[in-house]
Each structure stands twice: as C-alpha cells, then as structure tokens.
Amino acid sequence: MSTPGVTPTFPLKLQFPQSLAVYDDYAKAQKSVDFLADADFPVDQLMIVGTDLKRIERVTGRLTWSKVAVGGILSGLWLGLFVGLIFALFTEEGLWQVLLGTALMGATFGLVWALLGYAFTRGQRDFSSVTQVVATKYEVLVENKHTARARELLAGLPGALPNPFE
C-alpha cells in the first residue's frame, strides 16, 4: 500500500537521469563513482549502466556421443548423491546403501536424458560452448538536480569524461 502524494523509490531507477560520462570499461566507470564518493557526493543519485550489449559465445570443444554420455553420467551422479543425502536424513537404512542406490539411479537417469537430448539435435549443434552477455560501454547517469556538481567534481579526476557530448 502506498501513501498518497509519496512516490515509491526503486533502487534501479532515477527520476530524471542525465548522462555524466561514458567509459569503455567498467573499471573506469567504477573509478569515477568512487572518486565522487570520496568527494562526499551523494552517490545514491548515480547509476552505472552497461550499454551496447553483445552476446559472446566461446566454443569450447566438439561434442561426441561419448562426451555427452560421460557428461550425463556425471551430472546424474551428482544429482543422485544429493537426493541420497536428503533421503539419508529420513531413513534408518544404511547410509552407504541409500547413497549408492540413488547415485546409480541418478547416473542412469542422467545418461539416458543426455543421450536423448543429444539425439534430438540431429547433429545441428555438435559443439559445446559458454555464452556471456557483455557491455561494450558503461554510462554513468546522475539525477538531473546533481548534474552540475557531479561534472564539476569529476573534472578533477584525471582521464575522466565529464561530458560525453563534448
């Protein structure tokens, strides 16, 4: 429930943001915010926003039936051991019997599931990879009522970009 006349505040939003500076890497944007913090600037009036997003996919290797099978067995084994540990809390049977049984069932399930999944791709993706979304630019935004002071302070930081449009 909200109070009449009071605007709720959201931590990832500024009311009227203005661009303060644009940097090529996050470390430089972070350095400028840290510089402003050291100058007793109200840093809760700032945001660092990653822009110009790119999706990067790094190919890590070729997939084969044997690699898929081993991966499925190992992931199923871990899942089975986890389930076994939970079951062991609620049973009076031997700990090793429960762990061994659930590990074997998990490994079997993991193997079957991985091979079925790989079979359904029909060779359209015979490689493994890791994917990451990264920003190529980082923009420091400031609430408009603090823009002039922030630019004035940031002008004292060597290498800072107090105005991205100049």
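### Concerning the sheet that holds strand S2 (residues 46-62)
Judged by pairing direction, the sheet is antiparallel, and its three strands sit side by side in the order S1-S3-S2 without closing on themselves. The open sheet has two edge strands with one neighbour each: strand S1 (17-23) and S2. Looking at each pair of strands side by side, their axes are set apart by 35 degrees on average, direction ignored. Where S1 meets strand S3 (residues 127-143), six bridges bridge the pair, whose relative direction is antiparallel.

### Comments concerning the packing of helix H2 (residues 65-89) against helix H3 (residues 95-121)
The N-to-C vectors of H2 and H3 enclose an angle of 145 degrees; their axes lie 6 Å apart at closest approach. Of the two possible hands of crossing, H2 and H3 adopt the one that is right-handed. Classifying every residue of the contact of H2 with H3 by side-chain character gives 20 nonpolar, seven polar and no charged.

### Let's talk about the environment of Met47
Residue position: Met47 is located in strand S2. Sequence spacing of Met47 and Glu139 is 92 residues, and the spatial spacing of their C-alpha atoms is 8.0 Å. Beyond its immediate chain neighbours, meaning those up to four positions away, Met47 contacts Leu12, Lys13, Leu14, Glu139, Val140 and Leu141.

### Some thoughts on the packing of helix H1 (residues 26-38) against helix H4 (residues 147-154)
Interaxial distance between H1 and H4 falls to 10 Å at its minimum, and their mutual angle equals 100 degrees. The orientation of H1 relative to H4 falls into the category roughly perpendicular. Listed contacts from H4 to Ser32, Phe35 and Leu36 of H1 are Ala150, Leu153 and Leu154. Each residue belonging to the contact of H1 with H4 can be placed in one class, and the counts come to five nonpolar, one polar and no charged.

### Observations regarding the packing of aromatic side chains
For the coordinates displayed, the defined rule picks out three aromatic pairs. Between Phe109 and Trp113 the ring centres are 5.9 Å apart and the planes differ by 15 degrees, which places this aromatic pair in the stacked class. Of this pair, Phe109 and Trp113 both sit in helix H3, four residues apart, which is roughly one turn of that helix.

### Comments concerning the pattern of salt bridges
Scanning all chains against the criterion turns up three salt bridges. Note that Lys137 is salt-bridged to Asp24, the shortest N-O span being 2.7 Å. Highlighted residues: Lys137 in strand S3 and Asp24 in the loop between S1 and H1, separated in sequence by 113 residues. Across the pair Arg125 and Glu57 runs a salt bridge whose closest N-O atoms are separated by 2.6 Å. Taken together, the residues Arg125 in the loop between H3 and S3 and Glu57 in strand S2 connect sequence positions 68 residues apart. By relative accessible area, which is 38% here, Arg125 ends up partly exposed. Among the charged side chains, a salt-bridge network with shared partners connects Arg55, Glu57 and Arg125.

### Looking at the environment of Ala27
In this structure, Ala27 sits in helix H1. Owing to a relative accessible area of 51%, Ala27 belongs among the exposed residues under this scheme. Linking Ala27 and Tyr138, residues 111 residues apart in sequence, is a C-alpha distance of 9.3 Å.

The rules behind these values
- Residues numbered from 1 in each chain as written.
- Predicted model: local features only at pLDDT ≥ 70, side-chain atom pairs only at ≥ 80, totals over all residues.
- Heavy atoms only, no water.
- Pairing = 2+ DSSP bridges.
- Helix = DSSP H or I, 4+ residues; strand = E, 2+ residues; numbered from the N terminus.
- Axes fitted to C-alpha atoms, helices over the stretch in contact; angles between N-to-C directions.
- Left-handed = near helix turned anticlockwise from the far one by under 90°.
- Nonpolar A, V, L, I, M, F, W, Y, C, P; charged D, E, K, R; others polar.
- Contact = heavy atoms within 4.5 Å.
- Parallel < 35°, antiparallel > 145°, perpendicular 65-115°, else oblique.
- Phe/Tyr/Trp six-rings, centres within 6.5 Å; stacked < 30°, edge-to-face > 60°.
- Salt bridge = Lys/Arg side-chain N within 4 Å of Asp/Glu carboxyl O.
- Buried < 20%, exposed > 50% of the residue type's maximum accessible area, 1.4 Å probe, protein only.

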